Amino acid sequence: MQNWKKALIAGSAAGATVMFAKRKNSLGLLLVGVAVGTVASEYPQEFKRLRRRLPDYLERGSNLLEMVSSFGERIADAAGERGTQWYEALMRR
């Protein structure tokens, strides 16, 4: 990869980070697009493969989020029950 492409990718990624930190999301997305577009122009075969496998990645991510959500709900339920039992035991005495 040529040096100017490396500089363009690094600069646009850094600029996107700064823009997201400053809450300027539209400009940040534009800079991310520049970085991703530059990488895609350098490695077109890898991006074609990624595009073909994207539905699988999205399904796996969705399944992971479902599992984390149900785990969080179980923890919240257990904590709520424990807190209620403790409070009721305290009030009986």
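This is a predicted model, so every value here is computed, not measured.

Visitor: Help me understand the overall build of the protein, please; the structure alone is not making it clear to me.
Guide: Along its length, the protein carries three helices and zero strands. When its helices and strands are written in sequence order, the protein yields α-α-α. Counted over contacts in the protein with a minimum sequence separation of 6, partners at least 24 positions apart contribute 33%. On the protein, roughly 8,000 Å² of surface is accessible, and the fraction owed to carbon and sulfur atoms is 60%.

Visitor: When you look at a nonpolar patch on the surface in this model, what are you seeing that I'm missing?
Guide: There is a patch of nonpolar side chains on the surface, built from Trp4, Leu8, Leu27, Leu30 and Val34 and spanning about 460 Å² of accessible area. Of all the secondary structure elements, the ones that give two or more residues to the nonpolar patch are helix H1 (3–21) and helix H2 (25–42). Mapping Trp4 onto the fold places it in helix H1.

Visitor: I'm lost on H1 in this one. Help?
Guide: Think of an α-helix as turning once every 3.6 residues; residues three or four places apart then point the same way. The end-to-end C-alpha separation of H1 is 27 Å, in line with the 27 Å expected for 19 residues at 1.5 Å each. Among all positions in H1, only Lys5, Ile9, Ser12, Gly15, Ala16 and Met19 are buried. Axial view of H1: buried residues confined to an arc of 140°, hence all on one face. Residues of H1 that are exposed and point over 90 degrees away from its buried face: Asn3, Ala7, Thr17 and Ala21. On its buried face, H1 is in contact with H2.

Visitor: Please explain the pattern of salt bridges as it appears in this structure.
Guide: Taken as a whole, this structure holds one salt bridge when the rule is applied. Lys5 is the partner of Glu42 in a salt bridge, and the nearest nitrogen-oxygen pair spans 2.8 Å. With Glu42 in helix H2 and Lys5 in helix H1, this pair connects stretches of sequence that are 37 residues apart.

Visitor: For this particular structure, what's the right way to read the environment of Leu8?
Guide: Here Leu8 lies in helix H1. Look at Leu8 and you get partly exposed, because its relative accessible area is 33%. If sequence neighbours within four positions are ignored, Leu8 has contacts with Val34 and Thr38.

Cut-offs used in this document
Residues numbered from 1 in each chain as written. Predicted model: local features only at pLDDT ≥ 70, side-chain atom pairs only at ≥ 80, totals over all residues. Heavy atoms only, no water. Helix = DSSP H or I, 4+ residues; strand = E, 2+ residues; numbered from the N terminus. Contact = heavy atoms within 4.5 Å. Areas by Shrake-Rupley, 256 points an atom, 1.4 Å probe, with all protein chains shown as cover. Patch = residues over 30% accessible without salt bridge, like charges linked within 9 Å, V, L, I, M, F, W, Y side chains within 5 Å. Salt bridge = Lys/Arg side-chain N within 4 Å of Asp/Glu carboxyl O. Expected span 1.5 Å × (residues − 1). Buried < 20%, exposed > 50% of the residue type's maximum accessible area, 1.4 Å probe, protein only. Arc of directions from axis to C-beta.

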